[in-house]
Amino acid sequence: MLKVGLTGGIACGKSYVGEALESYGCLLIQADELGHAVLRRGGEAYLAVIEEFGPRILAGDGEIDRRELAARVFGDTERLARLNALVHPAVFRREAELIAELAARDADGIAVVEAAILIETGSYKRFDKLILVTCREEQQVERALRREGALESDIRARIGSQMPLAEKRKYADFVIDTSGEKQDTLRQTREVFDVLRHDALRRVER
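Because the structure is predicted, anything quoted here is derived from the model rather than measured.

A. Molecular detail of the overall build of the chain. Each helix and strand counted, the chain has 9 helices and 5 strands in total. Starting at the N terminus and ending at the C terminus, the chain contains elements arranged as β-α-β-α-α-α-α-β-β-α-α-α-β-α. Here the C-alpha atoms of the chain give a radius of gyration of 18 Å, agreeing with the 17 Å that 2.2 N^0.38 yields for 206 residues. The buried share among the 206 residues of the chain stands at 41%. Considering only residue pairs separated by 6 or more positions, the chain has 72% of its internal contacts joining residues 24 or more positions apart. Accessible surface for the chain amounts to roughly 11300 Å². Of this, 48% is attributable to carbon and sulfur atoms. Distance between charge centres in the chain, computed from 32 positive and 36 negative side chains, equals 2 Å.

B. Local environment of the side chain of threonine 7. If you trace the backbone, threonine 7 turns up in strand S1 (residues 2-8). Accessibility expressed as a relative area gives 0% for threonine 7, which makes it buried. Side-chain polar atoms of threonine 7 contact the backbone oxygen of alanine 115, separated by 2.8 Å. Once residues lying within four places of it in the same chain are set aside, the contact partners of threonine 7 are Lys14, Ala115, Ala116, Ile117, Leu118, Ile119, Leu130, Ile131, Leu132 and Val133.

C. A look at the environment of glycine 9. Take glycine 9: it is sitting in the loop between S1 and helix H1 (14-23). Taking the C-alpha atoms as reference, glycine 9 lies 8.4 Å from isoleucine 117; in sequence the two are 108 residues apart. Excluding residues within four positions of it along the chain, glycine 9 makes contact with Lys14, Val133, Gln140, Gln162, Leu165 and Lys168.

D. Structural context of the sheet that holds strand S5 (residues 174-177). Across the sheet, 5 strands lie side by side as S2-S3-S1-S4-S5; this open sheet has parallel pairing. Edge positions in the sheet fall to strand S2 (27-30) and S5, since each has one partner strand and no second. Adjacent strand axes in the sheet meet at a mean angle of 20 degrees when their direction is disregarded. Here 4 bridges tie S2 to strand S3 (residues 110-114), and the two strands are oriented parallel to one another. When the sheet's bridge partners are listed, glutamine 30 is paired in S3 with glutamate 114. Sitting on the sheet, H1 is in contact with S1, S2, S3, strand S4 (129-134) and S5, with an inclination near 155 degrees to S1. Against the sheet, helix H2 (residues 31-39) contacts S2 and S3, and its axis sits at roughly 50 degrees relative to S2.

E. Summary view of the packing of aromatic side chains. The full count for this structure, using the stated rule, is 2 aromatic pairs. Plain terms: the ring middles of tyrosine 24 and phenylalanine 193 are 5.4 Å apart, the flat faces sit at 45 degrees to each other, and that makes the pair tilted. Taken as a pair, tyrosine 24 in the loop between H1 and S2 and phenylalanine 193 in helix H9 (residues 182-205) lie far apart in primary sequence, 169 residues in all. Residue classification places phenylalanine 193 among the buried residues on the basis of a relative accessible area of 5%. If you follow arginine 126 out to its NZ or CZ, it ends over the ring of phenylalanine 92, 4.1 Å from the centre. Note that arginine 190 overlies the ring of tyrosine 24, its terminal NZ or CZ placed 4.7 Å from the centroid.

F. Structural view of the nonpolar core. Val49, Ile64, Leu69 and Val87 are the most contacted members of the largest nonpolar core, which totals 27 residues. Looking at which element gives the most residues to this core, the answer is helix H5 (residues 77-105), with 6 residues. Non-local contacts of isoleucine 64, meaning those with residues more than four positions away in its chain, are made with Leu39, Tyr46, Val49, Ile50, Ile57, Leu58 and Leu69. Counting residues in hydrophobic clusters, the runner-up holds 22 residues, among them Val4, Leu21, Leu165 and Ala200.

G. Broad picture of the pattern of salt bridges. Counted by the stated rule, this structure contains 15 salt bridges. Salt bridges sharing partners connect three or more residues here, namely Glu137, Glu138, Glu152 and Arg156.

About the cut-offs
Residues numbered from 1 in each chain as written. Predicted model: local features only at pLDDT ≥ 70, side-chain atom pairs only at ≥ 80, totals over all residues. Heavy atoms only, no water. Helix = DSSP H or I, 4+ residues; strand = E, 2+ residues; numbered from the N terminus. Rg over C-alpha atoms; globule rule 2.2 N^0.38 Å. Buried < 20%, exposed > 50% of the residue type's maximum accessible area, 1.4 Å probe, protein only. Contact = heavy atoms within 4.5 Å. Areas by Shrake-Rupley, 256 points an atom, 1.4 Å probe, with all protein chains shown as cover. Lys, Arg positive; Asp, Glu negative; His and termini not counted. Charge placed at Lys NZ, Arg CZ, Asp CG, Glu CD. Polar contact = N/O pair within 3.5 Å; in protein donor to acceptor, adjacent residues only side chain to side chain. Pairing = 2+ DSSP bridges. Axes fitted to C-alpha atoms, helices over the stretch in contact; angles between N-to-C directions. Phe/Tyr/Trp six-rings, centres within 6.5 Å; stacked < 30°, edge-to-face > 60°. Lys NZ or Arg CZ within 6 Å of the ring centre and 35° of its normal. Core = buried A, V, L, I, M, F, W, Y, C linked by side-chain atoms within 4.5 Å. Salt bridge = Lys/Arg side-chain N within 4 Å of Asp/Glu carboxyl O.

Given below as structure tokens:
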């Protein structure tokens, strides 16, 4: 089977592209959702993260307040690295389990893992192909501001903290530009899928 990474900057449209690929028949794994799961009470990283960052990150219901946790690590590379070291191994294990399940029932299937920092963490090396989703920076800001509680200063700070999209292009096998109409994004996504489908089938034939 074919393992594909899907990444891009904040509000570039990764999820839209991922959902389109899922509609074409790919298994879509959203790393953010797995990250949320391992941080929930009973999750693999729950106790370790509380021990590392203290009980003040807990909400009234005993769950980890992800916004509070994010505020504590944002802009602090050392703290962020500690958090990633606690969360990422558990996320990777869950990804591997889902991919193995797909491979067992569909040898020529395509698994797509959507994650924001595949390149920055070096995780892109775990995949056969890498898709980068891009758009103009002003569009990133405009789209991100539609989210509840979003502040332009925070959005621009987050964009500034990420690897520039132009730099990420060097690592990508495919680039999907979401700057235009949705129909154009879907056209590009379908073209990428057709290539991936061909590659997946060739792997089985070998």
